[in-house]
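# Fold and contact review
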Amino acid sequence: MITAYRAAGIVTMDPACPAVMDGAILVEGRRVVAVAPWREASGIPCHDLGPVIIAPGLINAHTHLELSHLAGLVPGGRGFAAWADSLFAAMRAHRAAPAAQVSALAAARACGTSFVADVVGRVALPVREALAANGMGGHLFREMSGGRALPELSSEAWPGPWSFSVHALYSTAPALAREATAWCAFRGLPFSLHLAEA
């Protein structure tokens, strides 16, 4: 059964029709099947959302959800080296908290985020569980640094979509960076790195 959602405006991301004023989104099950002017949706059961603008959800292209429990504990403004020292000290002093990841994602969702690309250095499963708890999509990046080779990762430990990334060019051996990018390219998967972290 198709249901219509009426809004004062709908941002489509379609270059041929970037916005529809007084529009309707037609939904069947959980899938959007059409976006049209409201007058074309007559006779379809409707939910009038009022004077709102509907836009696609935002994508946060670089998060570190496993560090959510450190919010407010790492001061800035003293330069990169001092910031990094404070971050590593806080990581040693405070255990990761899955509830903090869920809270961080709830805050992101409240701001319109619907998908995250999360860089994980340790354990992926709690991050994937936090995404599921918030009904949010995500791609995980297994971050590598130093000079070690790419590890074998199981689908149980790394569920859902993921690929390798490297921390940064200054912290990763060139051979490892090449291996990670080749691994992603061969599989048609995205790759990530801190290009200008400092």
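The structure we're discussing is the one just above.
My aim in this report is to walk through the structure given alongside it, one point at a time.

Reading guide: rules and limits
- Residues numbered from 1 in each chain as written.
- Predicted model: local features only at pLDDT ≥ 70, side-chain atom pairs only at ≥ 80, totals over all residues.
- Heavy atoms only, no water.
- Axes fitted to C-alpha atoms, helices over the stretch in contact; angles between N-to-C directions.
- Helix = DSSP H or I, 4+ residues; strand = E, 2+ residues; numbered from the N terminus.
- Parallel < 35°, antiparallel > 145°, perpendicular 65-115°, else oblique.
- Left-handed = near helix turned anticlockwise from the far one by under 90°.
- Contact = heavy atoms within 4.5 Å.
- Nonpolar A, V, L, I, M, F, W, Y, C, P; charged D, E, K, R; others polar.
- Salt bridge = Lys/Arg side-chain N within 4 Å of Asp/Glu carboxyl O.
- Buried < 20%, exposed > 50% of the residue type's maximum accessible area, 1.4 Å probe, protein only.
- Phe/Tyr/Trp six-rings, centres within 6.5 Å; stacked < 30°, edge-to-face > 60°.

## A short note on the packing of helix H2 (residues 98-110) against helix H3 (residues 125-133)
- Interhelical geometry of H2 versus H3 gives an angle of 45° and a closest axis separation of 9 Å. Between H2 and H3, the interaxial angle falls into the category oblique. Considering how the two elements wind past one another, H2 and H3 form a crossing that is right-handed. Residues Gln101, Val102 and Leu105 of H2 lie in contact with H3, whose contacting residues are Pro126, Val127, Ala130, Leu131 and Ala133.
- Here the contact of H2 with H3 is built from residues that sort into seven nonpolar, one polar and no charged.

## A short note on the pattern of salt bridges
- For the structure shown, the criterion picks out two salt bridges.
- Here Arg6 makes a salt bridge to Asp22, at a shortest N to O gap of 2.9 Å. You can see Arg6 sitting in strand S1 (residues 2-11) and its partner Asp22 sitting in strand S2 (residues 19-28), a full 16 residues away along the chain.
- For Arg6, a relative accessible area of 22% translates into the label partly exposed.
- Look at Asp22 and you get partly exposed, because its relative accessible area is 35%.
- Between Asp48 and Arg6 there is a salt bridge whose closest N-O contact spans 3.9 Å. With Asp48 in strand S4 (residues 46-48) and Arg6 in strand S1, this pair connects stretches of sequence that are 42 residues apart.
- A single salt-bridge network, built from bridges that share partners, covers Arg6, Asp22 and Asp48.

## Examining the packing of aromatic side chains
- Scanning the model with the defined rule gives six aromatic pairs in all.
- Ring centres of Trp162 and Phe164 lie 5.2 Å apart, and the angle between their planes is 85°; this geometry places the pair in the edge-to-face category. Taken individually, Trp162 and Phe164 each receive the classification buried, so the pair is uniform in this respect.
- Through a chain of ring-to-ring contacts, the aromatic side chains of Trp158, Trp162, Phe164 and Trp183 assemble into a single cluster.

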